[in-house]
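Below, each chain spelled out in residue letters.
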Amino acid sequence: MMESIVILDFGSQYTQLISRRIRELGVYSQIMPFNASIKQIRDLNARGVILSGSPYSVYQKGAPKPDKSLFSLDVPILGICYGMQYITHSMGGVVQRSKQREYGRAEIELSCDSPLFKDMDKDAKHTVWMSHSDRIEKMPADFELIASSANSPVAGFQHKTKPVFGLQFHPEVSHTVEGMQILGNFISCCSISQKWDLGAFVDAAVSGIKNSVGRDYVIGAISGGVDSTVASVLTQRAIGDRLKLVFIDNGLLRYGEPEEVMSAFKAMGLKVKHVDASSLFISRLKGVADPERKRKIIGKTFIDVFEEHAHGKGIQWLLQGTLYPDVIESMSHLGPSQTIKSHHNVGGLPSRMRLKVLEPLRLLFKDEVRSIGRLLGIPDGILQRQPFPGPGLSIRILGEVKQQHVDMLKMADRIVREEIDKSSLSTTLWQYFAVLLPVKTVGIMGDERTYEYVIAVRVVNSRDAMTADWARLPYELMDRLSSRIISEVVGVNRVVYDISSKPPSTIEWE
Ligand code: XMP
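The rules behind the values
- Residues numbered from 1 in each chain as written.
- Predicted model: local features only at pLDDT ≥ 70, side-chain atom pairs only at ≥ 80, totals over all residues.
- Heavy atoms only, no water.
- Domains from an automatic or database assignment.
- Pairing = 2+ DSSP bridges.
- Helix = DSSP H or I, 4+ residues; strand = E, 2+ residues; numbered from the N terminus.
- Axes fitted to C-alpha atoms, helices over the stretch in contact; angles between N-to-C directions.
- Contact = heavy atoms within 4.5 Å.
- 1 Å grid on protein atoms, 1.4 Å probe; cavity = no way out; pocket = protein on both sides within 12 Å on 5 of 7 lines; lining within 4 Å.
- Points joined across faces, edges and corners; volume = space filled by probe spheres on them.
- Nonpolar A, V, L, I, M, F, W, Y, C, P; charged D, E, K, R; others polar.
- Buried < 20%, exposed > 50% of the residue type's maximum accessible area, 1.4 Å probe, protein only.
- Arc of directions from axis to C-beta.
- Disulfide = S-S within 2.5 Å.

Section: the domain arrangement of the protein
Next, step 1: Parsing the protein into structural domains produces domain 1 (4-190), domain 2 (198-383) and domain 3 (402-497).
Next, step 2: Look at where the C-alpha atoms of domain 1 and domain 3 centre, and you get two points 46 Å apart.

Some remarks on the sheet that holds strand β15 (residues 315-319)
Next, step 1: Across the sheet, five strands lie side by side as β14-β13-β12-β15-β16; this open sheet has parallel pairing. Looking at which strands have only one partner, the edges of the open sheet turn out to be β14 (272-276) and β16 (356-358). Adjacent strand axes in the sheet meet at a mean angle of 30 degrees when their direction is disregarded.
Next, step 2: As paired strands, strand β12 (residues 217-221) and β15 are joined by four bridges and run parallel to one another. What sits directly across from V218, in β15, is W317.
Next, step 3: Sheet strands touched by helix α9 (residues 291-309): β12, β13 (243-249), β14 and β15. Its angle to β13, the strand with the most contacts, is close to 140 degrees.

Structural notes on empty space enclosed by the protein
Next, step 1: Across all of its chains, the model carries two cavities of 30 Å³ or more by this definition.
Next, step 2: In terms of residue class, the lining of the second largest cavity is built from three nonpolar, three polar and two charged.

A few points about helix α10 (residues 324-331)
Next, step 1: Every buried residue belonging to α10 is among Y324, V327 and I328, and all of these are buried. Taken end-on, α10 shows its buried residues confined to a sector of 100 degrees, consistent with a single buried face. Along α10, the residues that are exposed and aim more than 90 degrees away from the buried face are E329 and S330.
Next, step 2: In the core, the buried residues of α10 are packed alongside α1 (15-24) and β2 (29-33).

Describing the pairing of strand β6 (residues 102-110)
Next, step 1: Sheet topology note: the β6/strand β7 (residues 125-132) ladder contains eight bridges and is antiparallel. Across the sheet, I108 pairs through a bridge with H126, a residue of β7.
Next, step 2: Inspection of the sheet shows β6 paired to strand β9 (residues 143-148) by two bridges, in the antiparallel sense. In the sheet register, E109 faces β9, and the bridge partner there is S148.

Thoughts on the layout of surface pockets
Next, step 1: Space inside the second largest pocket adds up to approximately 710 Å³.
Next, step 2: Together, 23 residues line the second largest pocket, and G381, Q384, R385, Q386 and Y432 are the ones closest to its centre.
Next, step 3: Those elements that place two or more of their residues in the lining of the second largest pocket are α7 (257-267), α13 (380-383) and α14 (403-422).
Next, step 4: For the lining of the second largest pocket, the leading source of residues is α7, giving four residues.
Next, step 5: Broken down by class, the residue content of the lining of the second largest pocket amounts to eight nonpolar, seven polar and eight charged.
Next, step 6: The residues that make up the lining of the second largest pocket include at least three from each of domain 2 (198-383) and domain 3 (402-497).

Some points on helix α4 (residues 179-189)
Three or four residues apart is the spacing at which side chains of an α-helix point the same way, because the helix has 3.6 residues per turn.
Next, step 1: All buried positions along α4 are accounted for by G179, I182, L183, G184, N185, F186 and I187.
Next, step 2: The inward-facing, buried residues of α4 abut β1 (4-9), α1, β3 (46-51), β4 (77-80) and β11 (164-167).

As for the state of the cysteines
Next, step 1: With the rule as written, the count across this model stands at zero disulfides.
Next, step 2: Unpaired in terms of disulfides, C112 finds its nearest cysteine sulfur in C189, a separation of 13 Å.
Next, step 3: With no disulfide of its own, C190 has C189 as its nearest cysteine by sulfur position, at a separation of 6.4 Å.

Put into structure tokens, the structure is as follows:
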């Protein structure tokens, strides 16, 4: 097991960010539930432990607590926000309850020499990001102050003799200007000799797949999205033609997409079976207007079609492009968050088909998958594709999905993509697409009254799809989109632009 920094997750929205930052610093990091046992942490070859923040107060009923013997681990420990408050509370200091939140930038002063602030100017103020309610009133015995701010007199502390540190602010957030320096300094306190290097990961993954699969065959569904493509290329490197791939066209893909991805697969040397199941999907969606039911039907139909085409002697494994955030989510002990939209995946398949699951990307974040894709020679056209939902265009046609509406939406969406791709904006935007609103409005074309459908254009900026903001497109571009859609898409006489952010709206309309 590779040396790592283990992050105990107390439910902070920044936990994954801490893990990504540590990896960006070239060290492998893993997230574990807050109550992971000392044995589990040791088994992960932990060389340092970070305690994350949390929405809880240490005094609250049900506040998450780690294994009692955490401090007997002989590795450096860094508590961030709640993590620091937990250290304080459990070692006899006092945490002051507060309903008032300190949120935003703050300036800290460094008050004594700490290895955590190595190479930082002792006489200057440093900008950090605060997001907390409770704060430290009194440090535990044997701790000393290392940083303070106007609102948080104890903004940082350290044990006088052991490598245990606490920070009230968030070094992982980019607004903390020297956050990477601080995290790097913490890593320097941990004795880590191995580097987290994606090239080495590829070699290890290829031999890992070879060892697990042996002489068996593997089946996988490939969509042309980043995850399934990278997982397939990696697996093909390991076992060659013993990987069987199926591309299912559900008829709800974007204009020209099936042809484009099939030719990209060919160029990458992947052998893929193309299954056109569009009429089955459309017929099963007949008369169904509810978004969640549409998702369920598409998920189930996908499984049926895949099962039908995925037979073969010796197939024992199912390849899945599961990423680390899904793995973390399924490990979380803080209770499930409310399902806003059930995302479509092939979850029910392995047990139904009695297959073992192969998940070569399960330790990686999305940006790492892209980097590996680059190392594997996958073209940018695939790696930089904007996210596209599993249920495809069906959730961009409000209500019942009819073939005629799919055709209209494909044309409108093609125009949105063509025009934005021509502009310099396409590389910075998160998603851009058209939505068909099956309501009719009155218009006039030539001398004639028209009564036709509405297209909404949705263009958003986002970092991770958790939050998003509508993009301020240039008026000339909006004008081109509108006039092209109205003149080229038969049945549409009005175009509107979606100016809602997430939250409270979502990116997709259903
Ligand atoms: P929302 O609409 O929830 O979307 O703001 C967030 C991101 O997830 C994508 N999305 C989906 N992806 N199956 C998927 O695989 C789905 O059912 C689904 N719904 C939304 C959406 O495109 C955006 O990137």
